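# Reading the structure
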Amino acid sequence: DRRRLALQASAATVIQAAWRSTRCQMAFVGIVAATVAMQAAARRAGVSRDLRRRRARCVQIQAFVRGSAERRVRSYEQAAATRIQSRWRSARLCAALTASLAAVVVIQAAGRGVRVRRSMCLERASCIAIQAAA
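Quick summary incoming for the structure in this document. (Residues numbered from 1 in each chain as written. Predicted model: local features only at pLDDT ≥ 70, side-chain atom pairs only at ≥ 80, totals over all residues. Heavy atoms only, no water.)

## Looking at a nonpolar patch on the surface
As a reminder, the rule being used: Note on patches: the residues involved have over 30% relative accessible area and no salt bridge, like charges join within 9 Å, and the nonpolar side chains Val, Leu, Ile, Met, Phe, Trp and Tyr join within 5 Å. Computed with a 1.4 Å probe, the accessible areas rest on the Shrake-Rupley method; for each residue, only the protein chains presented here act as cover. Whenever Lys or Arg places a side-chain nitrogen within 4 Å of a carboxyl oxygen from Asp or Glu, that contact is recorded as a salt bridge. Helix numbers and strand numbers start at the N terminus; a helix is a DSSP run of H or I with at least 4 residues, a strand a run of E with at least 2.
The grouping of Phe28, Val29, Val32 and Val36 at the surface amounts to a nonpolar patch, some 360 Å² of accessible area in total. Note that Val36 resides in helix α1 (residues 2-133).

Next comes the structure, spelled out in structure tokens:
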């Protein structure tokens, strides 16, 4: 019986050691899995933060480029508007000058007409005077 008890005690010790080993291995596997999960979460957070930073930089660059293009377009539009305004003012001034010149021509013609009529009146009067004296 002693042998049998010793054998059973020895078998129980082996079983207990195997059980403890299995429990330790399972705990280790759980710790490793938790560690891997935490590392993955940390990497995800880092990648996500890096991605947000890169997106923010891209948005800034895009805004700068779009703003630059918009400013360039506005500059062209302003230059075109200035040219249109300048040509419109020039056309208005040219029309006003043409009207002024036409008015000057009319006034000059009226003045010449008055002088010619006066001159003709004087010539007529002198003709009449000459004919009356003759």
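## Observations concerning the pattern of salt bridges
Cut-off, in case you're wondering: For the exposure calls, accessible area comes from a 1.4 Å probe over protein chains only, and a residue counts as buried if that area is under 20% of its type's maximum, exposed if over 50%, partly exposed in between.
Applying the stated criterion to the full structure yields two salt bridges. Its salt-bridge partner being Asp50, residue Arg54 comes within 3.3 Å of it at the nearest N-O pair. Here Arg54 pairs with Asp50, and both are found in helix α1, just four residues apart, close to one helical turn. When its relative accessible area of 30% is taken as the criterion, Asp50 is described as partly exposed. Its salt-bridge partner being Arg74, residue Glu70 comes within 3.4 Å of it at the nearest N-O pair. With Glu70 and Arg74 both in helix α1 and four residues apart, the pair spans about one turn of that helix. Judged by relative accessible area, Glu70 falls into the partly exposed class, the value being 40%.

## A closer look at a positive patch on the surface
Cut-off, in case you're wondering: In this count, Lys and Arg are taken as positive residues and Asp and Glu as negative ones, while His and the chain termini are left out. To locate a charge, the coordinates of NZ of Lys, CZ of Arg, CG of Asp or CD of Glu are taken.
Residues Arg49, Arg52, Arg53 and Arg57 make up a contiguous surface patch of positive charge. Relative to the assigned elements, Arg57 resides in helix α1.

Note that all results are geometric; they support no functional claim without further evidence.
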